[in-house]
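# Observations on the model geometry
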Amino acid sequence: MPERRLLFKNLDEPGLRTLDVYKRRGGYRALERAIRELEPDQIIAEIEESGLRGRGGAGFSMGKKGSFLPRGDMPKYLCCNADESEPGTFKDRELMFKNPHGLIEGIVIAAIAVGAQHAFIFIRGEYWDVADVLDAAVREAYDAGLVGERILGSNHSVQLVVHRGAGAYICGEETALLDSLEGKRGNPRLKPPFPAVQGLYGGPTLINNVETLMNVPHIIRHGAEWYKRLGTEQSTGTKVVSVSGHVQRPGNYEIELGIPAREIIFGLAGGPPPGRRVKVWFPGGSSAPVLTEEELDLPYSFESMAEAGSMLGSGAIIVGDDTVSVPELALRTARFYHHESCGKCSPCREGTNWTVKMLERVVRGEATPMDLDIIASVQENIIGNCLCVLGDAMAMPVGSMVRKFRHEFEEVIERARAAHGGPLDAAPDDVPPVPLGVHA
Ligand SMILES: Cc1cc2nc3c(=O)[nH]c(=O)nc-3n(C[C@H](O)[C@H](O)[C@H](O)COP(=O)(O)O)c2cc1C
């Protein structure tokens, strides 16, 4: 089986969420090493050397990001992004719920590395049960001197707070997360300045995803050289992949980066139901441009997904089999981002709205082929022109669906044309919608 368990090792052991069992499994030894044997700069250097890339979406080097924070005594912060709202992504939930101390240890080491004395876990509001687990673990860690003042008798102090979000997808965007944490409406900020320079309360802030931070204890304990042996040159380590949609065994699987996507979708998740084939798949959450059956043998890595015109993103694979109508999938995707757009910038606010309206016309059988060109051009005008990448998160997958499955959109339009018996422009308003059926 192509599973490679690092973060998932011992994950199902009863009691792992208690300090006692976590320590028995080697927990907090990396923190001890970080405090006793390494200077903060050496911790950053070790993380950078390991090649660890962010697991929350953008895949940026964690070590590099850490090195961007200025040195000095000014107040600095660390925020763990546990908002996990990207459709199809459910890995952080399992990691935190079953191994909260693994996250706490990663946070404390990273906070010491960048000199942050205050750390926050910003957790998605709907994860109330996970937040309870984290709260209990944080209390235990405080009581054991692993968090708080003078950690393990050293000069390092880190205060850690679990903060519950209120259910907005946009609050997963790092600067909206900061505004929300400061008690404001969660809207993205203009970048630069980047949070590493000016983040929470205007202070330098390191923001990392749950899974990214949970890799840190493994790197510090075993060393960058050991870690780098896992994965590919540009995508080191393992990845927890959430597989959902038309597969027989949906769930989270930890794999070594670089194995063929087919091994994940078929080998681990069981592939689509018998008699069905994969038609379309998102390799990195619903904001990633879609891939097709022909692309199933690509290595699952940051670089390979980018070369294929998509992205590894949050590592959530959503599979659609040959019963899926791609125009309907495009509409459903667009509706999510339209609903979640904060409305602060017009390309996103208006672009997501127009896209939904135009795709509704397609699905209702009221569009013309020219509308497909307009939909495609709206997506191109959104990409790169928004305050944050929420707009792009809709435009990239929708644009890719129109590009790769244009024949299917045209088929819907043609069928509507035939059913209406004339050009659609002349069709009366009360023409019933055309059933989409199965596109095998
Ligand atoms: C609209 C939007 C939503 C996001 N949601 C999340 C999220 O839920 N969790 C997450 O870790 N990153 C999310 N991100 C990415 C963060 O902005 C940021 O890149 C990430 O937390 C950095 O951590 P990493 O380098 O460890 O990946 C989102 C980005 C955007 C634009």
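Note that the coordinates shown come from a computational prediction; the quantities given were computed from them, not determined experimentally. (Residues numbered from 1 in each chain as written. Predicted model: local features only at pLDDT ≥ 70, side-chain atom pairs only at ≥ 80, totals over all residues.)

Time to look at the overall build of the protein chain. A count of helices and strands for the protein chain gives 17 helices and 9 strands. For a compact globule of 440 residues, the expected C-alpha radius of gyration is about 22 Å, and the protein chain comes in at 23 Å, within 12% of that figure. Expressed as lengths along the three principal axes of its C-alpha atoms, the size of the protein chain is roughly 80 × 45 × 35 Å. Looking at the protein chain as a whole, 52% of its 440 residues are labelled buried. A separation of at least 24 residues holds for 70% of the contacts in the protein chain among residues at least 6 apart in sequence. (Helix = DSSP H or I, 4+ residues; strand = E, 2+ residues; numbered from the N terminus. Rg over C-alpha atoms; globule rule 2.2 N^0.38 Å. Buried ≥ 20, exposed ≤ 12 C-beta atoms within 10 Å, placed from the backbone. Contact = placed C-beta atoms within 7 Å.)

The next subject is the sheet that holds strand E9 (residues 316-321). What the 5 strands build is an open sheet, ordered E6-E5-E9-E7-E8; its pairing is mixed. With partners counted over all chains shown, the strands left at the sheet margins are strand E6 (251-256) and strand E8 (291-292), one partner each. Sheet topology note: the strand E5 (residues 238-245)/E6 ladder contains 6 bridges and is antiparallel. Paired with Val240 across the bridge in E6 is Glu254. Contacts between helix H11 (residues 261-268) and the sheet are confined to E5, E6, strand E7 (278-282) and E9, with E5 contributing the most and set at about 55 degrees to the helix. (Pairing = 2+ DSSP bridges. Axes fitted to C-alpha atoms, helices over the stretch in contact; angles between N-to-C directions.)

Taken together, 24 residues surround the ligand, and among them Gly54, Gly56, Gly172, Asn209 and Thr212 come closest. Contributing elements (two or more residues each) for the shell around the ligand: strand E4 (205-209) and helix H16 (390-404). The greatest single-element share of the shell around the ligand, amounting to 3 residues, is contributed by E4. For the shell around the ligand, the per-class residue count stands at 9 nonpolar, 9 polar and 6 charged. Of the residues that make up the shell around the ligand, three or more belong to each of domain 1 (19-228) and domain 3 (326-426). (Near = placed C-beta within 6 Å. Nonpolar A, V, L, I, M, F, W, Y, C, P; charged D, E, K, R; others polar. Domains from an automatic or database assignment.)

The next point concerns the environment of Asp321. Looking at the element boundaries, Asp321 is found in strand E9. Overall, Asp321 belongs to the buried group, with 20 C-beta atoms counted inside 10 Å.

Within the secondary structure layout, Gly231 lies in the loop between helix H10 (224-228) and E5. Beyond its immediate chain neighbours, meaning those up to four positions away, Gly231 contacts Thr236, Gly237, Thr238, Glu256, Leu257 and Gly258.

Here we come to the pairing of E9. On a regular strand, one side chain projects to one face of the sheet and the next to the other, so that they alternate. The buried fraction of E9 amounts to 5 of the 6 residues, a majority that puts the element mostly inside the structure. Note that E5 and E9 share 4 bridges and pair parallel. The residue bridging Val243 from the neighbouring strand is Ile317, located in E9.

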